[in-house]
Amino acid sequence: MQYGNTRGDPKFRIELATFLTKMYGAPVDRDDIMCTAGATHGLYTLCTQLFKAGDIVFVEDPTYFLAQVIFRKDCQLTMVPVPTDDKGMDMEALDRLMTEYKDKGVTKVSEKRPYRSLIYLVPCFHNPTSRCMAPERCERVVQLARKHESLIVCDDVYNTLSWIPKPDGSFDDPPQRLFAYDKKTDTDYKGGHVVSNGSFSKFMGPGLRLGWYEAPARLHTILIESGYLDSGGGFNQFTGGIMGTAMEMGLVEKHINNVRKYYQDAVVAVCQVLRENMPKGTKFHEPQGGYFIWIELPEGADVSTLRQICMDEHKISFLPGHTCSPEGNYQNCLRISFSYYPKEELVRAVTVLCEAATKMVQQ
């Protein structure tokens, strides 16, 4: 067993492009794909290969809580939160902040480091809110990335876990991934400013440690010429070969279709409990993909106290909203996950959560 192709097992990339084309309902070019050891590895590699300590990363508020640890602690990047709403990141605020921080990073733009800053997004079935970025904002953020010489890294780990219904009851395609908005045919295309950072962890198993980049050619060149890849060879060749065969046999598609139906059923049941039992003034929306339900309790509710009560008295837990905010916002919000436990266990736990939340709010 040798090091293998630096971009990953060739069969894996061919089969992944075919598989994603079907799952996305849009063409995926195998030449854009590079194998990684999962989305976390993919994000960390881009941070360390393209940026330096002190460089700027713009993030949604709220955002994936562990990405904050990678940016702040591991890579020592300066994290700048950007407000969001139901349509995603606020583009006017992003443009203003990118202008303000233009010369505050460390990296000087060059052929090997063509970006002065990073924009981190989860545009499809967002973590923690499960919302999807509106198409007009997808177009705008690509324009801003080109304008400000920034790289957008999308955690596209939930895209295939979509159960948006068609009229006939089948599943529709997920919202278009952001990478597709960075069109090579655009007159202002400047070599590519978007990376789709995908993973098998969310729909096959995290222990596989297998993922991929869908990235522009200049990024492939930079990574392939790095000492990291030159010394170790392509990432995860063995597992990539196994999954390439599994995709060729149709096993992965069959599994995902089962998972989507399973999650859809669980979400419908959980959201019914929330609608009937959460305290008055609670807000949430029923997701059509992803892993999470984001719940906003009435103003003034302390979810940290609620979590402690739930853990001590009922042996259930959830993620407090403030951990997803670089500035500690969303003190009255929480994230629950429906991806692990059976529907019956989820319904029981959410029923208890509703009872505890109602009792706390009424006190």
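What counts, and at which threshold
Residues numbered from 1 in each chain as written. Predicted model: local features only at pLDDT ≥ 70, side-chain atom pairs only at ≥ 80, totals over all residues. Heavy atoms only, no water. Helix = DSSP H or I, 4+ residues; strand = E, 2+ residues; numbered from the N terminus. Rg over C-alpha atoms; globule rule 2.2 N^0.38 Å. Buried < 20%, exposed > 50% of the residue type's maximum accessible area, 1.4 Å probe, protein only. Contact = heavy atoms within 4.5 Å. Areas by Shrake-Rupley, 256 points an atom, 1.4 Å probe, with all protein chains shown as cover. Core = buried A, V, L, I, M, F, W, Y, C linked by side-chain atoms within 4.5 Å. 1 Å grid on protein atoms, 1.4 Å probe; cavity = no way out; pocket = protein on both sides within 12 Å on 5 of 7 lines; lining within 4 Å. Points joined across faces, edges and corners; volume = space filled by probe spheres on them. Nonpolar A, V, L, I, M, F, W, Y, C, P; charged D, E, K, R; others polar. Expected span 1.5 Å × (residues − 1). Axes fitted to C-alpha atoms, helices over the stretch in contact; angles between N-to-C directions. Parallel < 35°, antiparallel > 145°, perpendicular 65-115°, else oblique. Left-handed = near helix turned anticlockwise from the far one by under 90°. Polar contact = N/O pair within 3.5 Å; in protein donor to acceptor, adjacent residues only side chain to side chain. Salt bridge = Lys/Arg side-chain N within 4 Å of Asp/Glu carboxyl O.

1. Side note on the overall build of the protein chain
When its secondary structure is counted, the protein chain shows 11 helices and 11 strands. A compact globule built from 363 residues should have a C-alpha radius of gyration of about 21 Å, and the protein chain, at 21 Å, falls within 12% of that. Along the three orthogonal principal directions, the C-alpha set of the protein chain runs to about 60 × 50 × 40 Å. Counting all 363 residues of the protein chain, 54% fall into the buried class. Put simply, 73% of the contacts in the protein chain that link residues at least 6 apart link residues at least 24 apart. With the model as given, the accessible surface of the protein chain reaches about 16,200 Å², and the carbon-plus-sulfur share is 50%.

2. Some words on unusual backbone geometry
Trans peptide bonds make up the majority, and among non-glycine residues the majority have a negative phi. A cis geometry characterises the amide bond from Asp-61 onward to Pro-62, with omega recorded as 15°. Looking at the secondary structure, you find Pro-62 in the loop between strand E2 (56-61) and helix H3 (65-74). The residue after Asn-127, namely Pro-128, is reached through a cis peptide bond having omega 25°. Note on placement: Pro-128 falls in the loop between strand E5 (117-121) and helix H5 (135-147). In this structure, Gln-76 takes a positive phi of about 55° despite not being glycine. Within the secondary structure, Gln-76 is located in the loop between H3 and strand E3 (78-85). The backbone of Tyr-330 shows a phi angle near 65°, a positive value even though the residue is not glycine. For Tyr-330, the position within the fold is in the loop between strand E10 (319-320) and strand E11 (333-337). Under the relative-accessibility criterion, Tyr-330 is labelled partly exposed at 25%.

3. Section: the nonpolar core
Counting residues in each nonpolar core, the largest one holds 89 residues, and the members touching the most others are Phe-71, Leu-306 and Ile-336. No other element matches helix H9 (residues 251-277), which puts 10 residues into this core. For Phe-71, the contacting residues outside a window of four places in its chain are Leu-43, Cys-47, Val-57, Val-59, Gln-76, Leu-77, Met-79, Leu-118 and Tyr-120.

4. Comments concerning the environment of Gln-2
Among the secondary structure elements, Gln-2 is positioned in the segment before helix H1 (10-24). Residue Gln-2 is classed as exposed on the basis of its relative accessible area of 69%. Distance from Gln-2 to Gln-264, taken between C-alpha atoms, is 42 Å for residues 262 residues apart in sequence.

5. Focus on the layout of surface pockets
Approximately 1,000 Å³ is the volume attributed to the largest pocket. Forming the boundary of the largest pocket are 46 residues, of which Phe-292, Arg-335, Ser-337, Ser-339 and Tyr-340 lie nearest the centre. Every element with two or more residues in the lining of the largest pocket is listed here: helix H2 (39-50), H3, strand E7 (194-199), H9, E11 and helix H11 (343-362). At six residues, the largest contribution of residues to the lining of the largest pocket is made by H11. For the lining of the largest pocket, a count of residues per class yields 28 nonpolar, 11 polar and seven charged.

6. Details of H5
Along its 13 residues, H5 runs 19 Å from first to last C-alpha, staying within 8% of the 18 Å computed at 1.5 Å per residue. Restricting attention to buried positions, one finds in H5 the residues Arg-137, Cys-138, Val-141, Val-142, Leu-144, Ala-145 and Arg-146. Looking at the buried residues of H5, the elements they touch are E3, strand E4 (88-89), helix H4 (91-100), E5, strand E6 (150-155) and E7. One or two steps after H5, the chain reaches Glu-149, where phi turns positive at roughly 55°.

7. Quick word on empty space enclosed by the protein
What the rule picks out here adds up to two cavities of 30 Å³ or more. Counted as a void, the largest cavity has a volume near 70 Å³. Along the walls of the largest cavity sit Ile-56, Phe-58, Met-98, Tyr-101, Lys-102, Gly-105, Arg-116, Ser-117 and His-148, which together make up its complete lining. For the lining of the largest cavity, the class distribution of residues is four nonpolar, three polar and two charged. Put simply, the second largest cavity is a space of about 30 Å³. What lines the second largest cavity is simply Thr-45, Gln-49, Tyr-213, Leu-223, Ser-226, Tyr-228, Leu-229 and Phe-235.

8. Things to note about the packing of H2 against H3
At their nearest, the axes of H2 and H3 sit 11 Å apart, and the two run at 30° to each other. In terms of axis orientation, H2 runs roughly parallel to H3. The two elements H2 and H3 meet at a crossing, and its hand is right-handed. Note on element contacts: H3 touches H2 through Ala-67, Ile-70, Phe-71 and Asp-74, opposite Thr-40, Leu-43, Tyr-44 and Cys-47.

9. Examining the side chain of Ser-199
As for its placement among the helices and strands, Ser-199 is situated in strand E7. Looking at Ser-199, its side chain comes within polar contact range of the main-chain nitrogen of Ser-201, at 2.9 Å.

10. Observations regarding the pattern of salt bridges
What the rule picks out here adds up to 16 salt bridges. The residue Asp-85 makes a salt bridge to Arg-137 at a minimum N-O spacing of 2.8 Å. One end of the pair, Asp-85, is in strand E3; the other, Arg-137, is in helix H5, with 52 residues separating them in the sequence. Among the residues examined, Arg-137 registers a relative accessible area of 15% and is labelled buried. With a closest N to O distance of 2.5 Å, Glu-225 and Lys-112 form a salt bridge. One end of the pair, Glu-225, is in the loop between helix H6 (217-224) and helix H7 (227-232); the other, Lys-112, is in the loop between H4 and E5, with 113 residues separating them in the sequence. Overall, Lys-112 belongs to the partly exposed group, its relative accessible area being 45%. Members of the salt-bridge network, linked through shared partners, are Arg-146, Asp-182, Asp-186 and Asp-188.

Purely spatial values, then, with no claim about function.
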